Amino acid sequence: MSRIGRLPIAVPAGVTVDIKEGNTVHVKGPKGELEQTFAPEMSIELKDGEIVVTRPNDIKRNKALHGLTRALINNMVIGVTEGYTKTLEINGVGYRAAKQGNKLVLSLGYSHPVEMIDPEGVESKVDGNKVIVSGISKEKVGQYAAEIRTKRPPEPYKGKGIKYSDEVIRRKVGKTGKK
């Protein structure tokens, strides 16, 4: 049995979970609502305040889907109650970020400013050299943060670029001159 898949998901107060036909799960909470359709092989049930995911047999595909389905539903429940945030740091001389409405404007040493429009359900804030991406969908928050990072990934020699706040850049030694 899957160690993650067999764990029940506790539904906190103020969160309503609606399991529709076709394994569509609709979660509504104080921060918003999320809906996602899961594989038809999995059976998702709401039993006395807990969501239980079970699989029909031990086929390799069903074993993989068991833990995945449970983890995704758990992420939805956490998203509508607490939400998700990712923090990015901008390092480098002249590298900066600014907000203009729902647009994130990045100056990253290119000949032009890089403009990014916040996707629906995701919000970005600028705090000095930090960009904070937040929202209720873990997938959308992570994707948007990754897209911001790709505009100027950190380089290993000087550490310039955009990195996650908890990311560690392995620094390399530059070349040495002849004597």
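Residue positions are given per chain, counting from 1 as you read along its sequence in written order. The predicted origin of the model limits local features to residues at a pLDDT of at least 70 and limits the giving and counting of side-chain atom pairs to 80 or more, whereas totals for whole chains, interfaces and linings rest on all residues. As a convention, hydrogens and water are excluded, and side-chain values are obtained from all of the structure's heavy atoms.

Caption draft 1: Focus on the environment of Ile 169. Its place among the elements puts Ile 169 in the segment after strand 13 (161–164). When the C-alpha atoms of Ile 169 and Lys 99 are compared, they prove to be 26 Å apart, with 70 residues separating the residues in sequence. Contacts are assigned to residue pairs that have any heavy atoms within 4.5 Å of one another. Sequence-distant contacts of Ile 169, defined by excluding residues within four places in its chain, comprise Pro 154, Glu 155, Pro 156 and Lys 163. Where helices and strands are cited, they refer to DSSP runs of H or I of at least four residues and of E of at least two residues respectively, numbered from the N terminus.

Caption draft 2: Molecular detail of the pairing of strand 7 (residues 84–91). A pair of strands counts as paired when DSSP detects no fewer than two bridges linking them. Where strand 7 and strand 12 (residues 130–135) come together, six bridges link them in antiparallel fashion. Looking across to strand 12, one finds that Leu 88 is bridged to Val 131. Alignment of strand 7 against strand 13, held across four bridges, turns out to be antiparallel. By the bridge assignment, Asn 91 is partnered in strand 13 with Gly 161.

Caption draft 3: Here's a closer look at the environment of Ala 39. Along the chain, the position of Ala 39 falls in the loop between strand 4 (32–37) and strand 5 (43–47). Here the term buried applies to any residue with accessible area under 20% of the maximum for its type, exposed to any over 50%, and partly exposed to those in between, with areas from a 1.4 Å probe on protein chains only. Its relative accessible area of 16% is what places Ala 39 among the buried residues. Along the primary structure Ala 39 and Gly 109 are separated by 70 residues, whereas in three dimensions their C-alpha atoms are 45 Å apart. The residues contacting Ala 39, other than those within four sequence positions of it, are Asn 23, Arg 61 and Leu 65.

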